[in-house]
Amino acid sequence: DWIIMEENVLVEMKNIVKTFPGVVALDHASLTLRSGEIHALMGENGAGKSTIIKCLTGVYERDSGDVYVKGVEGNVHCHSTMDAQKIGIATVYQEVNLCPNLSVAENLYIGREPRTKLNTIDWRTMNRKAKDLMERMKIEVDVTRTLENYSIAIQQMVAIVRAVDMDAKVLILDEPTSSLDDHEVEKLFDMMRTLKKKGVGIIFVTHFLEQVYEVCDRITVMRNGGFVGDYSVAELP
């Protein structure tokens, strides 16, 4: 009885159970994400937020439960974050896993650099494509400078742009605003809204309630590894 008969559901996780020795981390938890939606995942520390995300992205194997991902047949099991990436699910953590000593352009295209006929890296094309990409996302950076020259906020945005350029249809942002100032948070939110318009589904793990009201459409609340409810932000005082 999937609810995915709805056109726009990107991910549905149902009855997810995950235990560690002596601990039930997830107790029949659920999460539904639609396209073009910014979805807050909330709950205290230990509620199971990062565990359910890790079960989706292949960091953990779930013990039981079902995962549906749009465009993928059957019950989805990712065994690694690479598996998750292949089906369009990307995660950006607050500590960005990019290479600070490489340029912004290199970070955007690492592992998929445009090549010349001689199979060397085509720097001009790569820098031009990177510049176009950043301009489209309204991020002002010099793509030829190394990433370490830029703030954590910009580094996160580079990671997000990279994910979206690799056709991520589901973007998971795990506490992305904890180390950002207000101005940087605003830029990140603008970018999230731009992606939402493109139909990307965003899971936003956060504990800042005022940010949820500012940018999110729906909220899933978790408590003690279980699912409390899925609410529209507009209906939740």
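Residues numbered from 1 in each chain as written. Predicted model: local features only at pLDDT ≥ 70, side-chain atom pairs only at ≥ 80, totals over all residues. Heavy atoms only, no water.

A.B. asks: If you had to explain the nonpolar core to someone new, which residues and values would you point to?
C.D. replies: Nonpolar side chains in soluble globular proteins tend to end up buried together. Val104, Leu108, Met134, Ile139, Ile160, Leu171 and Met192 are the most contacted members of the largest nonpolar core, which totals 48 residues. Counting residues per element, this core draws most heavily on helix α5 (residues 152–165), which supplies 9 residues. Contacts of Leu108, omitting those with residues within four sequence positions, involve Ala130, Leu133, Met134, Val158, Val161 and Arg162. (Core = buried A, V, L, I, M, F, W, Y, C linked by side-chain atoms within 4.5 Å. Buried < 20%, exposed > 50% of the residue type's maximum accessible area, 1.4 Å probe, protein only. Helix = DSSP H or I, 4+ residues; strand = E, 2+ residues; numbered from the N terminus. Contact = heavy atoms within 4.5 Å.)

A.B. asks: Can you tell me about the environment of Leu10, naming the residues and giving the values?
C.D. replies: Looking at where Leu10 falls in the secondary structure, it is placed in strand β1 (residues 9–20). As a C-alpha pair, Leu10 and Asp230 span 220 residues in sequence and 15 Å in three-dimensional space. Residues within four places of Leu10 in sequence aside, it is in contact with Leu33, Arg34, Ser35, Tyr68, Val69, Lys70, Lys169, Val170, Gly199 and Gly201.

A.B. asks: Run through the sheet that holds strand β7 (residues 201–205), naming residues and quoting values.
C.D. replies: Spatial ordering of the open sheet is given by β5-β6-β7-β3-β8-β9, a layout of 6 strands whose pairing is mixed. Either end of the sheet is taken by a strand with one partner, and the two such strands are β5 (89–93) and β9 (226–232). Across the sheet, the axes of successive neighbouring strands diverge by a mean angle of 20°, strand direction being ignored. Bridge count between strand β3 (residues 38–42) and β7: 4 bridges; the pairing is parallel. (Pairing = 2+ DSSP bridges. Axes fitted to C-alpha atoms, helices over the stretch in contact; angles between N-to-C directions.)

A.B. asks: So what's going on with the pattern of salt bridges? Residues and values would help.
C.D. replies: Applying the stated criterion to the full structure yields 9 salt bridges. A salt bridge links Glu113 to Arg115, with the shortest nitrogen-to-oxygen separation between them at 3.8 Å. Bridged by salt links that share partners, the residues Glu186, Asp190, Arg193 and Glu214 form one connected network. (Salt bridge = Lys/Arg side-chain N within 4 Å of Asp/Glu carboxyl O.)

A.B. asks: Got a sec to walk through the packing of aromatic side chains? Specific residues and values, please.
C.D. replies: Considering all chains together, one arrives at 2 aromatic pairs under this definition. With centroids separated by 6.0 Å and ring planes inclined at 85°, the aromatic side chains of Phe189 and Phe204 adopt a geometry described as edge-to-face. Placement of Phe189 in helix α6 (residues 182–197) and of Phe204 in strand β7 is noted, with a sequence separation of 15 residues between them. Over the aromatic face of Tyr150 sits the side chain of Arg145, whose NZ or CZ is 5.6 Å from the ring centroid. (Phe/Tyr/Trp six-rings, centres within 6.5 Å; stacked < 30°, edge-to-face > 60°. Lys NZ or Arg CZ within 6 Å of the ring centre and 35° of its normal.)

A.B. asks: Now, about α5: what can you tell me, with residues and values included?
C.D. replies: Between its first and last C-alpha atoms α5 spans 20 Å; for 14 residues at 1.5 Å apiece the expected length is 20 Å, and the two agree. With 12 of 14 residues buried, α5 lies mostly within the body of the structure. Next to the buried residues of α5 lie β5, α3 (104–109), α4 (123–136), β6 (170–174) and α6. Within two residues after α5, Asp167 carries a phi angle of roughly 65°, on the positive side. (Expected span 1.5 Å × (residues − 1).)

A.B. asks: Give me the lowdown on the layout of surface pockets, citing residues and values where you can.
C.D. replies: Put simply, the largest pocket is a space of about 350 Å³. Lining of the largest pocket is provided by 19 residues; of these, Gln85, Ala90, Thr91, Asn97 and Arg162 occupy positions nearest its centre. When contributions to the lining of the largest pocket are tallied by element, the ones reaching two or more residues are α2 (81–86), β5 and α5. No other element matches the 5 residues that β5 contributes to the lining of the largest pocket. Per-class residue counts for the lining of the largest pocket are 12 nonpolar, 6 polar and 1 charged. (1 Å grid on protein atoms, 1.4 Å probe; cavity = no way out; pocket = protein on both sides within 12 Å on 5 of 7 lines; lining within 4 Å. Points joined across faces, edges and corners; volume = space filled by probe spheres on them. Nonpolar A, V, L, I, M, F, W, Y, C, P; charged D, E, K, R; others polar.)

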